[in-house]
Amino acid sequence: MSDRVDANIETNVSAHAYRTDAAALAPTLRRVRAWRDRMSQPERDDWAAFLAAQVPSNRVAYGIFDEAFREALPGARVLDFGAGRCALAAIMAMHDARVLAVDISESTEAIAAHLAGELGLEDRLEGRSGDVRHLDLEAETFDFVIGGNVLHHLVQELEAEILELFARILKPTGRCRFVEPCENWALLDALKDRCFPEKEPHPERPNDTDHYRSVGERYFRSVSIEPYGSLERLARLVPGGPANGPLRARLLEAERVLPRAIHHRLAGSQRIEYRDPRRS
Ligand SMILES: C[S@@+](CC[C@H](N)C(=O)[O-])C[C@H]1O[C@@H](n2cnc3c(N)ncnc32)[C@H](O)[C@@H]1O
């Protein structure tokens, strides 16, 4: 393992030592229970606003849980890579997927076990702490690998190695779906870093759409990337804006009519989908 990869892993382990007691996990549980309540009201037609209001997930839920994805979940085997506090993993298990939540954080197993116990998901949600490259995952066994804001935490050589592994463990029909920050305009990103300094450590690396396309194409024959959150990012400038789902959903809808070049440069996130794994 290179020194850079070792150092990157160590940084991520120490930066993500989540608390695992019931009080610390209460907000995550509340969020997952609110999702269960929403699932029990199929007559409502406000999924877009509900997904857009999912803070603090930074547009992750909106990017991952579109209708087609929700419908594909029952019975699917899913790896949630970089699961963090396991909210997305628990939500996918509530949609009847069989979910393995993996994170370099030492807290993941305890968090997943706590959520599974509280939500009655013991048969569908499992957490593993550690390096996904050493978990001995079987080839061609997963329908989905998902990741919310995780790849940009990895140095590039580790990212490439892990994507190669995902191409191996996915079924031929399987796919990866990631949401990552979108940095397609250096000037805007420098301004953003000044106004909203990063709380977490991140390696120096590209996070533009071209990067995620070219690294994905090494291991997958089909790559599609959709930048979004160009107008929507303005919601954080409005009091109460981040939690205002209807406002954020309207902005996400409105931004679709922007000229593509402008929309892509201003976008704050990108949904990355890799399909048709290349076998090495
Ligand atoms: C910003 S958090 C996102 C958590 C979660 N996906 C979400 O959307 O709420 C990034 C996560 O990536 C994890 N991570 C960083 N490097 C990793 C690695 N090498 N393997 C697995 N997880 C890693 C961190 O521990 C952290 O929990």
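Refer to the structure above for everything that follows.
In short, a report on the structure. Please read these numbers as outputs of a predicted model, since none were measured by experiment.

Rules used throughout
- Residues numbered from 1 in each chain as written.
- Predicted model: local features only at pLDDT ≥ 70, side-chain atom pairs only at ≥ 80, totals over all residues.
- Helix = DSSP H or I, 4+ residues; strand = E, 2+ residues; numbered from the N terminus.
- Rg over C-alpha atoms; globule rule 2.2 N^0.38 Å.
- Buried ≥ 20, exposed ≤ 12 C-beta atoms within 10 Å, placed from the backbone.
- Contact = placed C-beta atoms within 7 Å.
- Near = placed C-beta within 6 Å.
- Nonpolar A, V, L, I, M, F, W, Y, C, P; charged D, E, K, R; others polar.
- Core = buried A, V, L, I, M, F, W, Y, C linked by C-beta atoms within 7 Å.
- Pairing = 2+ DSSP bridges.
- Axes fitted to C-alpha atoms, helices over the stretch in contact; angles between N-to-C directions.

**Some details on the overall build of the chain**
Item 1. For the chain, the count of helices and strands is twelve helices and seven strands.
Item 2. On C-alpha atoms alone, the chain measures out to a radius of gyration of 18 Å, which is about the 19 Å that the 2.2 N^0.38 rule sets for 280 residues.
Item 3. Structurally, the chain occupies a C-alpha span of about 45 × 45 × 35 Å along its principal axes.
Item 4. Considering the chain as a whole, with its 280 residues, one finds that 40% of them fall into the buried category.
Item 5. Contacts in the chain between residues far apart in sequence, at least 24 positions, make up 75% of those at least 6 positions apart.

**A closer look at unusual backbone geometry**
Item 1. You will see that Asp136, though not glycine, has its phi angle at about 60°, which is positive.
Item 2. C-beta crowding within 10 Å serves as the criterion here: with 5 such atoms nearby, Asp136 is assigned to the exposed category.
Item 3. The backbone of Asp276 sits at a positive phi, close to 55°, despite the residue not being glycine.
Item 4. Topologically, Asp276 is positioned in strand S7 (residues 269–277).

**Concerning the site of the ligand**
Item 1. Around the ligand, 19 residues are found, and the nearest of them are Asn12, His16, Gly82, Gly84 and Gly148.
Item 2. Contributions of two or more residues to the shell around the ligand are made by helix H1 (3–15) and helix H6 (87–94).
Item 3. When grouped by side-chain class, the residues that make up the shell around the ligand number nine nonpolar, nine polar and one charged.

**Remarks on the nonpolar core**
Among soluble globular proteins, nonpolar side chains are generally buried collectively.
Item 1. Ala89, Ala90 and Leu125 are the most contacted members of the largest nonpolar core, which totals 68 residues.
Item 2. Broken down by element, the residue count for this core peaks at eight residues, all from H6.
Item 3. With residues up to four places along the chain from it excluded, the contact list for Ala90 reads Val32, Leu115, Leu119, Leu121 and Leu125.

**Here's the deal with the environment of Gln270**
Item 1. Following the sequence through the fold, Gln270 ends up in strand S7.
Item 2. Measuring from C-alpha to C-alpha, the distance between Gln270 and Thr209 comes to 7.6 Å, with 61 residues separating the pair along the chain.
Item 3. With near-sequence residues (within four places) excluded, Gln270 lies in contact with Glu180, Cys182, Thr209, Tyr212, Ile225, Glu226 and Pro227.

**Observations concerning the sheet that holds strand S4 (residues 142–148)**
Item 1. Here we have seven strands laid out as an open sheet, ordered S3-S2-S1-S4-S5-S7-S6, and mixed in their pairing. Lying at the two open borders of the sheet, with one neighbouring strand each, are strand S3 (125–129) and strand S6 (220–228). Across this sheet, the average inter-strand angle for adjacent strands is 15°, counted without regard to direction.
Item 2. Sheet analysis places strand S5 (residues 170–181) next to S7, joined by seven bridges and oriented antiparallel. Paired with Pro181 across the bridge in S7 is Ser269.
Item 3. Lying on the sheet, helix H8 (residues 156–169) is in contact with S4, S5, S6 and S7; it crosses S5 at an angle near 145°.

**As for the pairing of S7**
Item 1. Strand direction decides the pairing type here: S6 and S7, joined by eight bridges, are antiparallel. Residue Tyr228 lies in a different strand from S7, and its bridge partner there is Ser269.

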